[in-house]
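Single-letter residue listing:
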Amino acid sequence: MHAVALTALKGGVGKTSTAVNLAALSAAAGHRTLVWDIDPQAGATACLGVKPKLRGGAQRLLGSDRDLGRSIRPSGTPRLDVLPGDVTLREADVIVGGSRKPKRSLRRVLTAVAKDYDVVLIDCPPGVGPVTEVLVRSVDLLLVPVVPAPLDLRALDRFRDVLGDLGAPPELLAPFLSLVDRRKPLHRRLVDEVRTRERFMGAVVPVSSAVERMPLEQVPTVVDAPRSLAAIALRELWAEVAERLDLPPAPS
Ligand SMILES: Nc1ncnc2c1ncn2[C@@H]1O[C@H](COP(=O)(O)OP(=O)(O)O)[C@@H](O)[C@H]1O
Ligand SMILES: [Mg+2]
């Protein structure tokens with residue numbers, strides 16, 4: 001099982017939209033895929049047409065041994081399931097941070113799903129709290145959407161510092177450009193600068209009305225509008241992620 005977390009210090013940068021679309025691409029490639037929505041806003045859950053209700057809430061998910069299977073819901077897409085988020089997850093940092101063995105609660109979830117899924121995409125809330133601190137040490141890749149704006153690039157530098165403090169290897173971090181609007185001169189300039197200067201993924205996800213309407217359609221953009229520029233970029237991003245994970249071709 002391969003685990004990928006969508007994380008960033010900032011909100012509103014495309015974590016949720018990317019998690020949902022990459023999960024749909026993973027499932028379409030034949031991998032048994034789970035979206036674990038660990039954000040109390042439960043946006044990924046909603047985008048996949050699943051009710052934002054976590055059976056037993058965050059306390060039961062993170063605080064006790066239990067049958068996780070009963071919490072997981074199918075999405076409308078074959079091979080793609082959801083471990084839903086709901087508002088009780090606002091307590092997740094308190095539960096994990098307050099536990100004597102913070103690693104155990106989250107790793108137990110990952111271990112429990114490892115036999116049933118090939119790929120797990122974890123949609124994190126913004127910021128770095130105890131939950132993200134543990135996930136950083138438990139996943140194979142940290143995908144970080146970055147909007148090409150000066151403060152967003154600063155936020156990425158700070159995020160790198162935090163990961164360094166947590167002892168995460170630098171190659172775990174996979175930033176990529178998100179919400180890029182090529183009509184803006186600053187975006188064009190910063191996209192070029194970032195691509196020559198830093199270790200970003202090659203895919204650049206543009207601003208797209210097809211992505212914006214996903215919460216309404218409740219169908220991943222790559223399925224709903226496969227020919228949109230955003231869907232093309234997301235497929236490129238998925239190909240890069242699959243390569244980084246050394247994901248074996250799915251059985252046909
Ligand atoms: N490529 C995109 N083009 C247009 N709108 C986008 C794109 N990606 C995300 N959005 C919109 O931007 C907002 C924030 O995106 P979201 O994926 O929820 O970010 P995050 O999870 O980082 O908070 C949402 O309204 C979403 O629909
Ligand atoms: Mg989100």
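Everything below is about the structure printed above this text.
These figures come from a predicted structure and were not determined experimentally.

Rules and cut-offs
Residues numbered from 1 in each chain as written. Chains lettered and ligands numbered in written order. Predicted model: local features only at pLDDT ≥ 70, side-chain atom pairs only at ≥ 80, totals over all residues. Heavy atoms only, no water. Axes fitted to C-alpha atoms, helices over the stretch in contact; angles between N-to-C directions. Helix = DSSP H or I, 4+ residues; strand = E, 2+ residues; numbered from the N terminus. Parallel < 35°, antiparallel > 145°, perpendicular 65-115°, else oblique. Left-handed = near helix turned anticlockwise from the far one by under 90°. Contact = heavy atoms within 4.5 Å. Nonpolar A, V, L, I, M, F, W, Y, C, P; charged D, E, K, R; others polar. Buried < 20%, exposed > 50% of the residue type's maximum accessible area, 1.4 Å probe, protein only. Pairing = 2+ DSSP bridges. Expected span 1.5 Å × (residues − 1). Arc of directions from axis to C-beta. Near = heavy atom within 4 Å. Polar contact = N/O pair within 3.5 Å; in protein donor to acceptor, adjacent residues only side chain to side chain. Areas by Shrake-Rupley, 256 points an atom, 1.4 Å probe, with all protein chains shown as cover. Salt bridge = Lys/Arg side-chain N within 4 Å of Asp/Glu carboxyl O.

A. Region of the structure containing the packing of helix α1 (residues 15-28) against helix α12 (residues 229-245). At a minimum axis distance of 10 Å, the contact between α1 and α12 shows a crossing angle of 70°. Our classification of the angle between α1 and α12 gives roughly perpendicular. The element α1 and its partner α12 pack so that their crossing is right-handed. Across from Thr-18, Asn-21, Leu-22, Leu-25 and Ser-26 in α1, the residues of α12 making contact are Leu-234, Arg-235, Leu-237, Trp-238 and Val-241. A breakdown of the residues in the contact of α1 with α12 according to their chemical character gives six nonpolar, three polar and one charged.

B. Quick peek at the pairing of strand β1 (residues 2-6). Counted residue by residue, β1 has five buried out of five residues, so it is predominantly covered. In the sheet, β1 pairs with strand β5 (residues 119-123) via five bridges, with the strands oriented parallel. Opposite Ala-3, over in β5, you have Val-120 as the bridge partner. In terms of strand pairing, β1 meets strand β6 (residues 141-146) through three bridges, oriented parallel. The residue bridging Ala-5 from the neighbouring strand is Leu-142, located in β6.

C. Structural view of helix α7 (residues 150-165). The terminal C-alpha atoms of α7, which comprises 16 residues, lie 23 Å apart, in line with the 22 Å expected from a rise of 1.5 Å per residue. The complete set of buried residues in α7 reads Asp-152, Leu-153, Ala-155, Leu-156, Phe-159 and Leu-163. What you see down the axis of α7 is that its buried residues fit within an arc of 150°, all on one side. The outward face of α7, more than 90 degrees from its buried face, is lined by the exposed residues Leu-151, Arg-154 and Asp-165. Residues of α7 that are buried make contact with α6 (130-136), β6, β7 (173-180) and α8 (185-197). Immediately downstream of α7, the backbone of Gly-167 shows phi near 80°, a positive value.

D. Here's a closer look at the site of ligand 1. Near ligand 1 there are 14 residues, and of these Gly-12, Lys-15, Thr-16, Ser-17 and Ser-208 occur at the shortest range. One of the backbone nitrogen or oxygen atoms of Gly-12 is found 2.7 Å away from an oxygen atom of ligand 1. Between ligand 1 and the protein, one listed contact pairs an oxygen atom with a backbone N or O atom of Gly-14 at 2.9 Å. Considered on its own, ligand 1 offers 560 Å² of accessible surface; in the complex 76% of this is hidden by protein. Going through the elements one at a time, α1, β8 (204-206) and α9 (209-212) are the ones with two or more residues in the shell around ligand 1. Top element by residues in the shell around ligand 1 is α1. It accounts for three residues. In the shell around ligand 1, the residues fall into six nonpolar, six polar and two charged.

E. Region of the structure containing the pattern of salt bridges. Taken as a whole, this structure holds nine salt bridges when the rule is applied. Between Asp-161 and Arg-158 there is a salt bridge; the shortest N-O distance is 3.1 Å. Here the residue Asp-161 and the residue Arg-158 both occupy positions in helix α7, the gap between them amounting to three residues, near one helical turn. Residue classification places Asp-161 among the partly exposed positions, given a relative accessible area of 40%. Its salt-bridge partner being Asp-181, residue Arg-183 comes within 3.0 Å of it at the nearest N-O pair. For Asp-181, a relative accessible area of 11% translates into the label buried. Here the salt bridges share partners, and the residues they tie into one network are Arg-213, Glu-217 and Asp-224.

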